[in-house]
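Given next are the chains, with one letter for each unit.
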Amino acid sequence: MSNEIVLTGIKPTGKVHLGNYIGAIKPALQIAGASNGTALYFIADYHGLTFIQNRDELGNLSYGIAATWLALGLDPGRVVLYRQSDVPEIFELNWILSCLTPKGLMNRAHAYKAIQDQNEQLGLDADTGVNMGLFTYPILMAADILLFQSDKVPVGKDQIQHVEIARDIAERFNRNYGDTFKLPDYIVGENTAVIPGLDGRKMSKSYNNTIPLFEPADTLKKLIRKIKTDSTLPHEPKDPDTSNIFLLYKEFATPAQIQDLRNRYLSGISWGEAKQELFQAVNAFLEEPRKKYNDLMAAPEQIDQILHEGARKARAIAVPLLAKVKSKIGLEN
Ligand code: ADP
Ligand code: TRP
(Lines give C-alpha, C1' and ligand atoms only; values in the text may rest on other atoms or scores of the structure.)
(Ligands and ions follow the chains in the order given, each with its own letter.)
Protein backbone atom coordinates (compact mmCIF):
# COMPACT_ATOMS: atom_id res chain seq x y z
CA MET A 1 0.00 0.00 0.00
CA SER A 2 2.86 2.39 -0.65
CA ASN A 3 1.99 6.08 -1.01
CA GLU A 4 -1.67 5.33 -1.34
CA ILE A 5 -4.20 7.76 -0.03
CA VAL A 6 -6.77 6.07 2.18
CA LEU A 7 -9.76 8.12 3.24
CA THR A 8 -12.94 7.45 5.15
CA GLY A 9 -15.70 9.45 6.80
CA ILE A 10 -17.68 8.64 9.91
CA LYS A 11 -21.14 10.10 10.31
CA PRO A 12 -22.00 11.41 13.79
CA THR A 13 -25.55 10.13 14.08
CA GLY A 14 -25.61 8.05 17.27
CA LYS A 15 -23.73 6.46 20.12
CA VAL A 16 -21.01 4.16 18.82
CA HIS A 17 -21.83 0.49 19.54
CA LEU A 18 -20.07 -2.87 19.48
CA GLY A 19 -21.31 -3.53 15.93
CA ASN A 20 -19.72 -0.29 14.68
CA TYR A 21 -16.50 -1.15 16.48
CA ILE A 22 -16.16 -4.65 15.08
CA GLY A 23 -17.59 -3.91 11.62
CA ALA A 24 -16.01 -0.54 10.89
CA ILE A 25 -13.61 0.90 13.44
CA LYS A 26 -11.39 -2.13 14.05
CA PRO A 27 -10.80 -2.81 10.32
CA ALA A 28 -10.26 0.89 9.57
CA LEU A 29 -7.67 1.17 12.35
CA GLN A 30 -5.90 -1.87 10.92
CA ILE A 31 -5.89 -0.36 7.43
CA ALA A 32 -4.55 2.96 8.76
CA GLY A 33 -1.86 1.11 10.72
CA ALA A 34 -0.75 -0.86 7.67
CA SER A 35 -0.71 2.08 5.26
CA ASN A 36 2.60 3.69 4.32
CA GLY A 37 0.89 6.50 2.50
CA THR A 38 -1.50 9.12 3.81
CA ALA A 39 -4.55 8.11 5.82
CA LEU A 40 -7.32 10.69 6.24
CA TYR A 41 -10.22 9.94 8.60
CA PHE A 42 -12.83 12.60 9.14
CA ILE A 43 -16.04 13.28 11.01
CA ALA A 44 -18.74 13.80 8.40
CA ASP A 45 -20.64 16.36 10.47
CA TYR A 46 -22.33 18.05 7.49
CA HIS A 47 -23.58 14.63 6.41
CA GLY A 48 -24.85 14.21 9.97
CA LEU A 49 -26.81 17.46 9.62
CA THR A 50 -29.09 15.77 7.09
CA PHE A 51 -30.45 13.75 10.06
CA ILE A 52 -29.48 15.51 13.31
CA GLN A 53 -30.97 18.96 13.51
CA ASN A 54 -30.47 19.72 17.18
CA ARG A 55 -27.59 22.02 18.14
CA ASP A 56 -26.27 20.23 21.23
CA GLU A 57 -26.78 16.78 19.81
CA LEU A 58 -24.80 17.37 16.62
CA GLY A 59 -21.92 18.96 18.54
CA ASN A 60 -21.77 16.22 21.18
CA LEU A 61 -22.04 13.38 18.71
CA SER A 62 -19.18 14.86 16.68
CA TYR A 63 -16.92 15.09 19.73
CA GLY A 64 -18.05 11.58 20.69
CA ILE A 65 -16.90 10.17 17.34
CA ALA A 66 -13.50 11.87 17.57
CA ALA A 67 -13.02 10.70 21.18
CA THR A 68 -14.04 7.15 20.24
CA TRP A 69 -11.45 6.84 17.48
CA LEU A 70 -8.71 8.41 19.59
CA ALA A 71 -9.58 6.22 22.61
CA LEU A 72 -9.44 3.08 20.48
CA GLY A 73 -5.95 3.84 19.27
CA LEU A 74 -6.11 6.13 16.25
CA ASP A 75 -2.80 7.98 16.28
CA PRO A 76 -3.31 11.58 15.10
CA GLY A 77 0.40 11.75 14.34
CA ARG A 78 -0.05 9.08 11.64
CA VAL A 79 -3.62 9.65 10.53
CA VAL A 80 -5.03 13.03 9.57
CA LEU A 81 -8.17 13.33 11.71
CA TYR A 82 -10.43 16.29 10.98
CA ARG A 83 -13.95 17.62 10.91
CA GLN A 84 -15.50 17.89 7.45
CA SER A 85 -16.98 21.30 8.33
CA ASP A 86 -13.47 22.65 9.07
CA VAL A 87 -12.45 22.21 5.42
CA PRO A 88 -14.49 24.75 3.40
CA GLU A 89 -12.89 23.66 0.11
CA ILE A 90 -15.00 20.47 0.29
CA PHE A 91 -18.15 22.57 -0.01
CA GLU A 92 -16.89 24.60 -2.94
CA LEU A 93 -16.07 21.40 -4.75
CA ASN A 94 -19.47 20.05 -3.73
CA TRP A 95 -21.15 22.82 -5.75
CA ILE A 96 -18.89 22.34 -8.75
CA LEU A 97 -19.60 18.61 -8.77
CA SER A 98 -23.36 19.22 -8.28
CA CYS A 99 -23.39 21.11 -11.55
CA LEU A 100 -21.88 18.10 -13.33
CA THR A 101 -24.14 15.49 -11.74
CA PRO A 102 -27.33 14.48 -13.52
CA LYS A 103 -30.35 14.50 -11.22
CA GLY A 104 -31.18 10.96 -12.34
CA LEU A 105 -28.01 9.67 -10.68
CA MET A 106 -29.32 10.95 -7.34
CA ASN A 107 -32.80 9.49 -7.96
CA ARG A 108 -31.16 6.08 -8.09
CA ALA A 109 -29.09 6.47 -4.90
CA HIS A 110 -30.25 3.82 -2.46
CA ALA A 111 -30.76 5.90 0.71
CA TYR A 112 -33.14 8.23 -1.13
CA LYS A 113 -34.84 5.38 -2.97
CA ALA A 114 -35.38 3.49 0.29
CA ILE A 115 -37.23 6.47 1.81
CA GLN A 116 -39.32 6.88 -1.33
CA ASP A 117 -40.29 3.20 -1.29
CA GLN A 118 -41.21 3.38 2.37
CA ASN A 119 -43.33 6.49 1.81
CA GLU A 120 -45.09 4.79 -1.06
CA GLN A 121 -45.92 1.79 1.14
CA LEU A 122 -47.31 4.12 3.80
CA GLY A 123 -49.41 5.93 1.18
CA LEU A 124 -47.46 9.18 1.74
CA ASP A 125 -46.10 11.63 -0.80
CA ALA A 126 -42.88 10.12 -2.21
CA ASP A 127 -40.70 12.97 -0.90
CA THR A 128 -42.06 13.14 2.65
CA GLY A 129 -39.18 13.62 5.10
CA VAL A 130 -36.56 14.09 2.35
CA ASN A 131 -34.45 17.24 2.62
CA MET A 132 -32.20 18.40 -0.21
CA GLY A 133 -29.11 17.51 1.83
CA LEU A 134 -30.24 13.92 1.99
CA PHE A 135 -31.08 13.89 -1.71
CA THR A 136 -27.67 15.21 -2.76
CA TYR A 137 -25.78 13.34 0.01
CA PRO A 138 -23.69 11.29 -2.46
CA ILE A 139 -22.37 14.45 -4.18
CA LEU A 140 -20.96 15.78 -0.89
CA MET A 141 -19.46 12.35 -0.31
CA ALA A 142 -17.88 12.49 -3.79
CA ALA A 143 -16.37 15.89 -2.90
CA ASP A 144 -15.00 14.42 0.37
CA ILE A 145 -13.30 11.66 -1.56
CA LEU A 146 -12.15 13.40 -4.75
CA LEU A 147 -10.69 16.52 -3.14
CA PHE A 148 -7.93 14.38 -1.60
CA GLN A 149 -7.18 12.21 -4.65
CA SER A 150 -8.15 9.17 -2.56
CA ASP A 151 -7.08 5.77 -3.86
CA LYS A 152 -8.91 3.60 -1.33
CA VAL A 153 -12.07 4.25 0.63
CA PRO A 154 -12.85 1.76 3.43
CA VAL A 155 -16.63 1.61 3.91
CA GLY A 156 -19.47 -0.64 5.03
CA LYS A 157 -21.30 -2.59 2.30
CA ASP A 158 -24.15 -0.08 2.29
CA GLN A 159 -21.76 2.65 1.12
CA ILE A 160 -20.36 0.89 -1.96
CA GLN A 161 -22.87 2.57 -4.25
CA HIS A 162 -21.80 5.99 -2.99
CA VAL A 163 -18.15 5.32 -3.80
CA GLU A 164 -19.23 4.17 -7.26
CA ILE A 165 -21.14 7.43 -7.69
CA ALA A 166 -17.96 9.33 -6.72
CA ARG A 167 -16.09 7.46 -9.46
CA ASP A 168 -18.82 8.21 -11.95
CA ILE A 169 -18.75 11.93 -11.12
CA ALA A 170 -14.92 11.99 -11.33
CA GLU A 171 -15.08 10.37 -14.77
CA ARG A 172 -17.58 12.96 -15.98
CA PHE A 173 -15.32 15.78 -14.79
CA ASN A 174 -12.22 14.23 -16.34
CA ARG A 175 -13.99 13.66 -19.64
CA ASN A 176 -15.13 17.26 -19.86
CA TYR A 177 -12.10 19.10 -18.48
CA GLY A 178 -9.21 16.66 -18.92
CA ASP A 179 -7.62 14.34 -16.46
CA THR A 180 -7.96 15.86 -12.99
CA PHE A 181 -9.34 13.46 -10.38
CA LYS A 182 -8.11 10.01 -9.42
CA LEU A 183 -10.79 7.32 -9.60
CA PRO A 184 -11.28 5.92 -6.09
CA ASP A 185 -11.88 2.28 -5.14
CA TYR A 186 -13.79 1.08 -2.10
CA ILE A 187 -12.48 -1.47 0.40
CA VAL A 188 -15.12 -3.58 2.16
CA GLY A 189 -14.38 -6.15 4.82
CA GLU A 190 -15.91 -9.21 3.14
CA ASN A 191 -15.19 -11.31 6.20
CA THR A 192 -16.49 -8.89 8.73
CA ALA A 193 -19.24 -10.48 10.75
CA VAL A 194 -22.61 -8.82 11.02
CA ILE A 195 -22.81 -8.37 14.77
CA PRO A 196 -26.18 -9.28 16.22
CA GLY A 197 -27.87 -6.97 18.73
CA LEU A 198 -29.65 -7.75 22.01
CA ASP A 199 -32.70 -9.16 20.20
CA GLY A 200 -30.71 -11.21 17.66
CA ARG A 201 -31.31 -8.86 14.72
CA LYS A 202 -28.34 -6.88 13.28
CA MET A 203 -27.07 -4.54 15.97
CA SER A 204 -28.18 -1.10 14.83
CA LYS A 205 -29.22 2.15 16.39
CA SER A 206 -32.32 2.01 14.18
CA TYR A 207 -33.44 -1.15 16.02
CA ASN A 208 -32.66 0.11 19.52
CA ASN A 209 -30.85 -3.13 20.28
CA THR A 210 -27.28 -1.91 20.68
CA ILE A 211 -24.57 -2.31 23.27
CA PRO A 212 -22.89 1.13 23.28
CA LEU A 213 -19.10 0.99 23.64
CA PHE A 214 -18.44 3.43 26.42
CA GLU A 215 -21.19 2.96 28.99
CA PRO A 216 -20.07 2.39 32.61
CA ALA A 217 -19.16 -1.23 33.46
CA ASP A 218 -22.40 -1.95 35.36
CA THR A 219 -24.53 -0.77 32.42
CA LEU A 220 -22.44 -2.93 30.10
CA LYS A 221 -23.06 -5.91 32.39
CA LYS A 222 -26.82 -5.25 32.47
CA LEU A 223 -26.99 -4.96 28.69
CA ILE A 224 -25.03 -8.18 28.16
CA ARG A 225 -27.46 -9.95 30.50
CA LYS A 226 -30.27 -8.84 28.18
CA ILE A 227 -28.89 -10.69 25.13
CA LYS A 228 -31.62 -13.03 23.95
CA THR A 229 -30.87 -16.75 24.43
CA ASP A 230 -32.85 -19.95 23.89
CA SER A 231 -34.42 -22.12 26.57
CA THR A 232 -31.70 -24.80 26.75
CA LEU A 233 -31.31 -25.80 30.41
CA PRO A 234 -28.16 -24.67 32.28
CA HIS A 235 -26.38 -28.05 32.32
CA GLU A 236 -27.25 -28.99 28.71
CA PRO A 237 -24.53 -28.85 25.99
CA LYS A 238 -24.76 -25.82 23.72
CA ASP A 239 -23.52 -25.14 20.19
CA PRO A 240 -20.93 -22.33 20.35
CA ASP A 241 -21.15 -21.73 16.60
CA THR A 242 -24.79 -20.66 16.67
CA SER A 243 -24.50 -18.61 19.84
CA ASN A 244 -24.49 -14.80 19.59
CA ILE A 245 -22.73 -14.62 22.94
CA PHE A 246 -19.91 -16.81 21.65
CA LEU A 247 -19.69 -14.82 18.41
CA LEU A 248 -19.11 -11.62 20.38
CA TYR A 249 -16.74 -13.36 22.78
CA LYS A 250 -14.51 -14.38 19.87
CA GLU A 251 -13.93 -10.72 19.00
CA PHE A 252 -12.50 -9.89 22.43
CA ALA A 253 -10.93 -13.00 23.96
CA THR A 254 -7.55 -14.66 23.38
CA PRO A 255 -7.37 -17.91 21.34
CA ALA A 256 -6.84 -19.92 24.54
CA GLN A 257 -9.86 -18.31 26.21
CA ILE A 258 -11.96 -18.96 23.12
CA GLN A 259 -11.02 -22.64 23.10
CA ASP A 260 -11.75 -22.90 26.80
CA LEU A 261 -15.21 -21.36 26.47
CA ARG A 262 -15.91 -23.58 23.45
CA ASN A 263 -15.22 -26.64 25.61
CA ARG A 264 -17.46 -25.35 28.35
CA TYR A 265 -20.30 -24.82 25.85
CA LEU A 266 -19.94 -28.39 24.65
CA SER A 267 -19.96 -29.86 28.13
CA GLY A 268 -22.80 -27.61 29.31
CA ILE A 269 -22.59 -24.04 30.59
CA SER A 270 -25.47 -21.89 31.79
CA TRP A 271 -26.33 -18.82 29.72
CA GLY A 272 -25.76 -16.74 32.84
CA GLU A 273 -22.16 -17.98 33.10
CA ALA A 274 -21.55 -17.51 29.39
CA LYS A 275 -22.77 -13.92 29.67
CA GLN A 276 -20.52 -13.33 32.66
CA GLU A 277 -17.51 -14.57 30.63
CA LEU A 278 -18.49 -12.28 27.77
CA PHE A 279 -18.87 -9.31 30.08
CA GLN A 280 -15.43 -9.91 31.57
CA ALA A 281 -13.73 -10.16 28.19
CA VAL A 282 -15.43 -7.07 26.73
CA ASN A 283 -14.94 -5.08 29.89
CA ALA A 284 -11.26 -5.97 30.15
CA PHE A 285 -10.78 -4.81 26.57
CA LEU A 286 -12.75 -1.59 27.04
CA GLU A 287 -11.44 -0.50 30.43
CA GLU A 288 -8.52 1.57 29.14
CA PRO A 289 -10.29 3.03 26.09
CA ARG A 290 -13.32 3.91 28.25
CA LYS A 291 -11.11 5.91 30.58
CA LYS A 292 -9.41 7.65 27.68
CA TYR A 293 -12.80 8.38 26.09
CA ASN A 294 -14.17 9.90 29.30
CA ASP A 295 -11.03 12.00 29.79
CA LEU A 296 -11.25 13.35 26.26
CA MET A 297 -14.97 14.09 26.51
CA ALA A 298 -14.26 16.05 29.69
CA ALA A 299 -11.67 18.13 27.78
CA PRO A 300 -13.23 18.96 24.40
CA GLU A 301 -10.58 21.65 23.88
CA GLN A 302 -8.05 18.83 23.55
CA ILE A 303 -10.19 17.22 20.87
CA ASP A 304 -10.55 20.58 19.12
CA GLN A 305 -6.81 21.02 19.07
CA ILE A 306 -6.30 17.63 17.41
CA LEU A 307 -9.10 18.28 14.91
CA HIS A 308 -7.83 21.76 14.03
CA GLU A 309 -4.34 20.42 13.43
CA GLY A 310 -5.92 17.71 11.25
CA ALA A 311 -7.91 20.29 9.29
CA ARG A 312 -4.73 22.29 8.72
CA LYS A 313 -3.02 19.24 7.20
CA ALA A 314 -6.11 18.34 5.18
CA ARG A 315 -6.37 21.85 3.77
CA ALA A 316 -2.73 21.75 2.73
CA ILE A 317 -3.85 19.05 0.27
CA ALA A 318 -7.28 20.48 -0.54
CA VAL A 319 -6.42 24.13 -1.29
CA PRO A 320 -4.05 23.51 -4.23
CA LEU A 321 -6.31 20.87 -5.74
CA LEU A 322 -9.35 23.12 -5.57
CA ALA A 323 -7.31 25.90 -7.23
CA LYS A 324 -6.47 23.49 -10.05
CA VAL A 325 -10.12 22.48 -10.40
CA LYS A 326 -11.25 26.12 -10.53
CA SER A 327 -8.74 26.92 -13.20
CA LYS A 328 -9.89 23.89 -15.23
CA ILE A 329 -13.50 25.06 -15.19
CA GLY A 330 -12.48 28.57 -16.26
CA LEU A 331 -12.38 30.37 -12.92
CA GLU A 332 -8.75 31.31 -12.63
CA ASN A 333 -7.85 33.72 -9.85
P1 ADP B 1 -26.27 1.78 12.56
O2 ADP B 1 -26.80 0.57 11.85
O3 ADP B 1 -26.22 1.58 14.04
O4 ADP B 1 -27.02 3.04 12.15
P5 ADP B 1 -24.24 2.83 10.83
O6 ADP B 1 -25.11 2.54 9.65
O7 ADP B 1 -24.03 4.26 11.23
O8 ADP B 1 -24.78 1.99 12.09
O9 ADP B 1 -22.84 2.10 10.58
C10 ADP B 1 -21.57 2.67 10.76
C11 ADP B 1 -20.56 1.60 10.37
O12 ADP B 1 -20.64 0.45 11.26
C13 ADP B 1 -20.77 1.02 8.97
O14 ADP B 1 -19.52 0.84 8.35
C15 ADP B 1 -21.46 -0.31 9.19
O16 ADP B 1 -21.16 -1.24 8.17
C17 ADP B 1 -20.88 -0.76 10.53
N18 ADP B 1 -21.89 -1.55 11.28
C19 ADP B 1 -23.05 -1.08 11.80
N20 ADP B 1 -23.74 -2.04 12.44
C21 ADP B 1 -23.00 -3.18 12.33
C22 ADP B 1 -23.17 -4.54 12.79
N23 ADP B 1 -24.23 -4.90 13.50
N24 ADP B 1 -22.21 -5.44 12.49
C25 ADP B 1 -21.11 -5.06 11.77
N26 ADP B 1 -20.89 -3.81 11.31
C27 ADP B 1 -21.82 -2.87 11.58
N1 TRP C 1 -21.74 8.21 4.00
C2 TRP C 1 -20.86 7.54 4.94
C3 TRP C 1 -21.75 6.74 5.94
O4 TRP C 1 -22.92 6.96 6.02
C5 TRP C 1 -20.00 8.54 5.67
C6 TRP C 1 -19.14 9.31 4.72
C7 TRP C 1 -19.28 10.62 4.35
C8 TRP C 1 -18.01 8.79 4.00
N9 TRP C 1 -18.31 10.96 3.46
C10 TRP C 1 -17.52 9.88 3.23
C11 TRP C 1 -17.39 7.54 3.96
C12 TRP C 1 -16.39 9.71 2.39
C13 TRP C 1 -16.27 7.40 3.12
C14 TRP C 1 -15.79 8.47 2.34
O15 TRP C 1 -21.23 5.90 6.65
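All residue numbers here refer to positions counted from 1 along the written sequence of the relevant chain. Written order determines the labels here, with chains lettered from A and ligands numbered from 1. With pLDDT at 70 or above as the cut-off, local features in this predicted model cover only qualifying residues; side-chain atom pairs require 80 or more to be listed or tallied, and sums for whole chains, interfaces and linings still use all residues. The side-chain values count all of the structure's non-hydrogen atoms but skip hydrogen atoms and water molecules.

### Description of helix H3 (residues 55–71)
Consideration 1: Put simply, DSSP H or I for four residues or longer makes a helix, DSSP E for two residues or longer makes a strand, and each gets a number counted from the N terminus. Expected span, for any helix, means 1.5 Å times one less than how many residues it has. For H3, which comprises 17 residues, the first-to-last C-alpha distance of 24 Å matches the rise-based estimate of 24 Å (1.5 Å per residue) to within 8%.
Consideration 2: We call a residue buried when its accessible area falls under 20% of the maximum for its residue type, exposed when it is over 50%, and partly exposed in between, using a 1.4 Å probe and counting protein chains only. All buried positions along H3 are accounted for by Leu58, Leu61, Ser62, Gly64, Ile65, Ala66, Ala67, Thr68, Trp69, Leu70 and Ala71.
Consideration 3: A distance of 3.2 Å separates the backbone nitrogen of aspartate 56 from a side-chain oxygen at the start of H3, and that oxygen is part of asparagine 54.
Consideration 4: Just downstream of H3 lies glycine 73, where phi reads positive at about 115°. Polar contact is defined as a pair of N or O atoms within 3.5 Å, subject to the rule that within protein one atom must be able to donate a hydrogen and the other to accept it, and that residues adjacent in sequence are counted only when both atoms are side-chain atoms.

### Things to note about the site of ligand 1
Consideration 1: The local shell around ligand 1 holds 13 residues, among which His17, Ile195, Met203, Ser204 and Lys205 are the closest.
Consideration 2: Note that an oxygen atom of ligand 1 is positioned 2.7 Å from one of the side-chain N or O atoms of histidine 17.
Consideration 3: In the environment of ligand 1, an oxygen atom lies 2.8 Å from a nitrogen or oxygen atom belonging to the side chain of serine 204.
Consideration 4: Note on areas: Shrake-Rupley, 1.4 Å probe, and residue coverage restricted to the protein chains presented here. Contact with the protein chains hides 78% of the accessible area of ligand 1, taken as 540 Å² for the molecule alone.
Consideration 5: Residues are grouped as follows: Ala, Val, Leu, Ile, Met, Phe, Trp, Tyr, Cys and Pro are nonpolar; Asp, Glu, Lys and Arg are charged; all remaining types, including Gly, are polar. Residues that form the shell around ligand 1 fall into these classes: five nonpolar, six polar and two charged. Consider each residue's heavy atoms; a residue with any of them within 4 Å of a molecule or strand counts as near.

### Examining the domain arrangement of the protein
Consideration 1: Per the domain assignment, the segments of the protein are domain 1 (5–194 + 300–329) and domain 2 (214–294).
Consideration 2: By convention here, the domain bounds are inherited from an automatic or database domain assignment. The centre of domain 1, based on its C-alpha atoms, is set 34 Å off from the matching centre of domain 2.
Consideration 3: In this analysis, two residues are considered to be in contact whenever any of their non-hydrogen atoms come within 4.5 Å of each other. Taken together, the contacts link 11 residues of domain 1 with 10 residues of domain 2.
Consideration 4: Overall, the association of domain 1 and domain 2 removes approximately 1,000 Å² of surface from exposure, summing both partners, and the carbon and sulfur fraction of that is 70%.
Consideration 5: Two parts placed together each lose some accessible area under a 1.4 Å probe, and the buried area is that loss summed for both. Three residues stand out in domain 1 for area buried against domain 2, namely Leu18, Ile22 and Ala71, and they jointly supply 43% of the buried area on that side.
Consideration 6: For salt bridges, the criterion is a side-chain nitrogen of Lys or Arg within 4 Å of an Asp or Glu carboxyl oxygen. The tally of links between domain 1 and domain 2 comes to two salt bridges.
Consideration 7: As a salt-bridge pair, glutamate 251 and lysine 26 come within 3.1 Å of each other at their nearest N and O atoms.
Consideration 8: On inspection of domain 1 and its partner domain 2, the count reaches three residue pairs in polar contact (both at pLDDT 80 or more).
Consideration 9: Taken together, the elements giving at least two residues each to the side of domain 1 that touches domain 2 come down to helix H1 (18–34) and H3.

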